[in-house]
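Report on the structure
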Amino acid sequence: MDFSFTEEQQMIRDMSRKFADDVVMPRAEELEKTGEYPYDILAQMADLGMMGIPFPENYGGSGGDWTGMHLCIEELSRGDATLGALLDVTTSVVAQELYEFGTEEQKQKWLIPMAQGKEIGAFGLTEPGAGSDAGATKTTAQLNGDEWVINGTKQFITNIGLDTASIVIITARTKSTEERKRDQINTYIVPKGTQGFTLGKRYDKMSWQHSATHECIFEDCRIPRGYFLGKEGRGFAQHLAVLQTGRISIAAMSVGLAQACFEASLKYAKERVQFGQPIYNFQGVSFKIADMAMNIELARNMYLKACWLKDNNMPHVLEAAYAKLFASEMCEKVASDAYQIHGGYGFMNEYAVSRYYKGCKILQIVEGTSEVQRMVISRNLG
Amino acid sequence: MNIVACVKQVPDTEALIKVKPDGSGIEEGGIKWVMNPYDEFGVEEALKLKEKLGGEVTVVSVGPARTMETIRTALAMGAEKGIHIDDPALYNADAYTTANALAAAIKEIPYDIIFCGQRAIDGDMGQVGSILAELLDIPQCTIVTKLDVGDGKATAVKPIEGAQLVLETSLPCVITAQKGLNEPRYASLPGIMKAKKKPVDVKNAAALGISVEPKAKIEKMTPPPARPPGKIIEGEDPAAKAAEVIRLLREEAKVI
Ligand SMILES: Cc1cc2nc3c(=O)[nH]c(=O)nc-3n(C[C@H](O)[C@H](O)[C@H](O)COP(=O)(O)OP(=O)(O)OC[C@H]3O[C@@H](n4cnc5c(N)ncnc54)[C@H](O)[C@@H]3O)c2cc1C
């Protein structure tokens, strides 16, 4: 058993941490306040090759692995979890789906610029009536000559509002012209700007203000036949396969956010004096911080194990679900304790912990709620 | 252009430094090691120069096995190759012995310009770059915040008390880098992935044919004395408190 990182993983982690400290952290508060999209930071991330870490160089990637990718997500999320979400959706989910299931032509057209960070991807699974029950999708796709005609609505779609967003990969029910017992669920690539594809207004959110989340509306939206992604009838399975990686990404984000909470709490508790001494001297405070440190490390080990399994092409359904569930619930507790340790200042927007607290809950919702993770786990226990 | 950048691995600026009980050095367990920040400026300037004038950057470092991480970081930033001088007799060597080892390694390769940090943040000696220039018998510009290289010469700006010097020198020369010279780049992902494939020569003192006899030896390290706790003067009456401060300054601290 070997717990050490490779030299490359170590360097990715160091570089991402430095980047988060120097470039991301100083901007996080302002971005959350204004909701402006951080195009300049995204351009730097693209230049550094952060958007394509696990993909080979001939597809615009950096030739790294999923462990390195997630170390990067953790460090970025320590600076600003919203950037972690952007990276998760683009790289772990959309780019991976293109890489795993796309045709060579699709990879050339969309994967390469995405792995290079020049374009951003979006993933459309959720609908008003299909959340946790994602298979209940009502969006339809019908072949008409050489085109697919898409109708329906996807909601809560991350990244799609960015100017640099190129495509959304959606699931849709395929109405077959032939006689078939059940509709198939398939995946389709819909480029932004396609006629019949419009965005609903930007959501007013509790956190992640600078994440570009919109509703995607398809009204007789026609895409070429070649924009069908992957195998017929396998669309849902394909989506779930990449969502497994998305879960690891949310775990890494949770660890990063919790790490930021921990660092802020440790510093504050050593500085804040009450009853004539730093509050860190009181066990009621220092034990909270001890628990934070321990739980963060446990969650980190779990997501890294899931990454290791993935990098070694081994099954990791359970591990990805454990990592996501444990890390996101851990993060809420850590953020809550960080707020508690800051007392009244924790409520003040000028203290980072207030932002952390607002941003922790969503991690238990996206890429499958905590309940869905428990469903996945219990179903896989035999 | 053949460019050399000397780098040293030092404890992270945020590392908690503890002196060993016997005073022979610092406790190394648990320390995070990084490239000396001033050397980063040197590496960045070396890379910028290469990008402008063409050529190759070789990084050279003296230190134990872990030093390879720092060499790889410089390679990931964009340097072409490395020389790792690894010899137990040189671990914690004094400035002269270190510079002598660097000089011996650099003499074996072509060089037009050599970058060092103006000092290392661990030992804070600020001597290696200068001694290296002397040993190679070439000019040096130290503590440089701006550099222009072209037409076989280098023009360097060096801030001094209340003014700045503009120095011009022929090549080859040694430049020691000061904060402000540039903004060091991050190692990019493609750079990181390629770093391992770049050649690094590992050499010991025997291979370089150098003496490791130190000129200076650290007798003992001691941590700075703990600061005595401050005194808080309690009381309700500001005038009485002020009088007490004056009395203490006069009688205890004896500063007035
Ligand atoms: C900011 C944000 C960004 C998002 N980005 C994307 C995106 O990019 N792409 C995308 O496709 N989706 C995205 N989503 C959608 C997200 O994945 C869904 O919100 C999530 O899957 C839950 O679906 P729902 O909101 O419809 O909740 P519901 O499924 O309606 O769930 C409501 C509650 O019921 C529970 N529940 C449901 N079924 C069961 C059950 N069988 N047993 C026990 N409990 C159950 C849930 O766990 C939850 O607590 C995003 C959401 C948000 C808020």
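Residues numbered from 1 in each chain as written. Chains lettered and ligands numbered in written order. Predicted model: local features only at pLDDT ≥ 70, side-chain atom pairs only at ≥ 80, totals over all residues.

1. Comments concerning the domain arrangement of chain B
Domain annotation of chain B identifies domain 1 (2-208) and domain 2 (226-256). Here the C-alpha centre of domain 2 of chain B lies 49 Å away from the C-alpha centre of domain 1 of chain B. (Domains from an automatic or database assignment.)

2. Here's the deal with the domain arrangement of chain A
All names here are of chain A. Taken domain by domain, chain A consists of domain 1 (7-118), domain 2 (123-234) and domain 3 (236-379). Measuring from the centre of the C-alpha atoms in domain 1 to the corresponding centre in domain 3 gives 20 Å. Taken residue by residue, the interface counts 21 residues in domain 1 and 24 residues in domain 3. Listing elements by their share of the side of domain 1 that touches domain 3, those giving two or more residues are helix H1 (7-34), helix H3 (66-79) and helix H4 (81-101). For the side of domain 1 that touches domain 3, the residue count by class is seven nonpolar, six polar and eight charged. (Contact = placed C-beta atoms within 7 Å. Helix = DSSP H or I, 4+ residues; strand = E, 2+ residues; numbered from the N terminus. Nonpolar A, V, L, I, M, F, W, Y, C, P; charged D, E, K, R; others polar.)

3. What about the sheet that holds strand E9 (residues 153-160) of chain B?
All names here are of chain B. Taken in spatial order, the three strands line up as E8-E9-E10 in an open sheet, and their pairing is antiparallel. Whereas interior strands pair on both sides, the edge strands pair on one side only; in this sheet they are strand E8 (146-150) and strand E10 (163-170). Going across the sheet, the axis of each strand differs from the next one's by a mean of 15°, ignoring polarity. Two elements, E8 and E9, share five bridges in a ladder whose sense is antiparallel. Each bridged residue has a counterpart across the sheet, and for Val149 the counterpart in E9 is Ala154. (Pairing = 2+ DSSP bridges. Axes fitted to C-alpha atoms, helices over the stretch in contact; angles between N-to-C directions.)

4. Notes on the sheet that holds strand E1 (residues 2-6) of chain B
Residues and elements named next belong to chain B. On the basis of which strands lie adjacent, the open sheet formed by seven strands has the order E7-E11-E6-E1-E4-E5-E12 and parallel pairing. Each of the sheet's edge strands pairs with one partner strand only, and the pair in question is strand E7 (140-144) and strand E12 (200-203). The average undirected angle you get between the axes of adjacent strands in this sheet is 20°. Those strands touched by helix H2 (residues 67-77) are E1, strand E4 (56-62), strand E5 (81-85) and E12, and its axis lies near 165° from that of E4. Across the sheet, helix H4 (residues 128-136) is in contact with strand E6 (113-117), E7 and strand E11 (173-177); its angle to E7 comes to roughly 170°.

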